[in-house]
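Fold and geometry: a report
Chain residues, written in single-letter form:
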Amino acid sequence: MKKIDHFYKNLDVEKLIGVLNNWTEPNLLHYLADDVTKCVNGYNEKNDEEVFFRTYLEDLLISGELFINLKEYFSINSYFTLELATSENHKNDIWNQVYILYSKVDKKYRLMHINCQNRPNKYFISILDTITQHDIRRIKTTDKEGREYTVSPRDYYLQILDTHFEKEKNDHFKLTGEQLDYIKFPNWPHYYQGCGHFNLGKKYYEKNNKEALELDHIEIKK
C-alpha cells in the first residue's frame, strides 16, 4: 500500500479536529503537518528520511486540498488572498492565503490563514476564527443611519481579515506609507480579495511530489 493511501485510510478525523481545536496560536506550518501525521494510525517515516511526505502534506494544508480529499467530513466554500510588496524591487514577497473550512463533524467554520514569506521561505498557519453558522447569522451591526442589519458570513470573515491585517501592518510588518503605495487592494475597502481556489492540480502534485506519492507504507511489527 502506498503511504498516501495508508494516510487517508487510517486518518482519525476526530483526532484531526482535536488538533484544529488546539491550534490556538500562529505557528510554523511544518508543526501542524507533524501534528496531523500523529492522527494517522500506524504512520511512520521509516523509509522517508528526507521527509518527502510531510513536505507534500504541507502543500495539501496550504491549498486546503487535504480537507477537500476528506469531503465526507469537510468542505471549503470561500478563498481569499492578499499579496504584499514591501518595496518596489521586491514584488509579492509576502502573501497570504485564506480558506473557510467547514467541518461536517462539529458543524463549525474555521478561518484558516496561511502567511507565506520569502527570503527565506517561511510558512505560518493560524486559525483566526471558529464559529458555527448559527452564530454567524446572529451577528448584527448598524449602518451609517443607525439601522441594524444582519452581517453576511462573507462580510463577517472579511471584517476579521481586515482587522488581522491592520494589526500585522502596524505590529509585525511595520510597513510605512511609502511601502504601502506598492500594494494594490482590488477589493477595497477590504484588503483581502476573493479567488477561485488554491488547488494546484493533479499534474503539479505528481511532478513536484513524485517522491512522496511513490513512497510505500512500511508496517512496523510490534
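In this report, the structure presented in the accompanying data block is examined.

The rules behind the values
- Residues numbered from 1 in each chain as written.
- Predicted model: local features only at pLDDT ≥ 70, side-chain atom pairs only at ≥ 80, totals over all residues.
- Heavy atoms only, no water.
- 1 Å grid on protein atoms, 1.4 Å probe; cavity = no way out; pocket = protein on both sides within 12 Å on 5 of 7 lines; lining within 4 Å.
- Points joined across faces, edges and corners; volume = space filled by probe spheres on them.
- Helix = DSSP H or I, 4+ residues; strand = E, 2+ residues; numbered from the N terminus.
- Nonpolar A, V, L, I, M, F, W, Y, C, P; charged D, E, K, R; others polar.
- Axes fitted to C-alpha atoms, helices over the stretch in contact; angles between N-to-C directions.
- Parallel < 35°, antiparallel > 145°, perpendicular 65-115°, else oblique.
- Contact = heavy atoms within 4.5 Å.
- Core = buried A, V, L, I, M, F, W, Y, C linked by side-chain atoms within 4.5 Å.
- Buried < 20%, exposed > 50% of the residue type's maximum accessible area, 1.4 Å probe, protein only.
- Pairing = 2+ DSSP bridges.
- Expected span 1.5 Å × (residues − 1).

Next up on the list: the layout of surface pockets. In this structure, the second largest pocket spans a volume of roughly 180 Å³. Asp 59, Ile 62, Tyr 123, Leu 200 and Tyr 204 are, among the 13 residues lining the second largest pocket, the residues nearest its centre. Listing elements by their share of the lining of the second largest pocket, those giving two or more residues are helix 4 (52-63) and strand 3 (94-103). Here the lining of the second largest pocket takes 5 residues from helix 4, the largest share from any one element. Across the lining of the second largest pocket, the residue classes break down as 8 nonpolar, 3 polar and 2 charged.

Right, let's talk about the packing of helix 3 (residues 29-37) against helix 4 for a bit. One way to put it is that helix 3 packs onto helix 4 with a least axis distance of 9 Å and a crossing angle of 105°. Classed by the angle they form, the pair helix 3 and helix 4 counts as roughly perpendicular. On helix 4, the residues touching Leu 29, His 30, Leu 32, Ala 33, Asp 34, Val 36 and Thr 37 of helix 3 are Arg 54, Leu 57, Glu 58, Leu 61 and Ile 62. Here the residues of the contact of helix 3 with helix 4 sort into 7 nonpolar, 2 polar and 3 charged.

Below, the discussion takes up the nonpolar core. Counting residues in hydrophobic clusters, the biggest one holds 39 residues, and the most contacted among them are Leu 66, Phe 67, Phe 74 and Tyr 99. Core analysis: the second largest hydrophobic core is formed by 21 residues, Leu 84, Val 98, Tyr 109 and Tyr 192 among them.

Bringing the sheet that holds strand 4 (residues 108-117) into the picture now. Overall, antiparallel pairing links the 6 strands, which are arranged 1-5-4-3-2-8 in an open sheet. The open sheet has two edge strands, strand 1 (27-28) and strand 8 (193-195), and neither has a second partner.

Our focus in this paragraph is helix 4. Counted at 1.5 Å a residue, the expected span for helix 4 with its 12 residues is 16 Å, and the 17 Å between its end C-alpha atoms agrees. Burial analysis of helix 4 places 9 of its 12 residues in the buried class, which makes it a mostly covered element. Listed in full, the buried residues belonging to helix 4 are Phe 53, Tyr 56, Leu 57, Glu 58, Asp 59, Leu 60, Leu 61, Ile 62 and Ser 63. Just downstream of helix 4, Gly 64 is the residue with a positive phi angle, here 85°.

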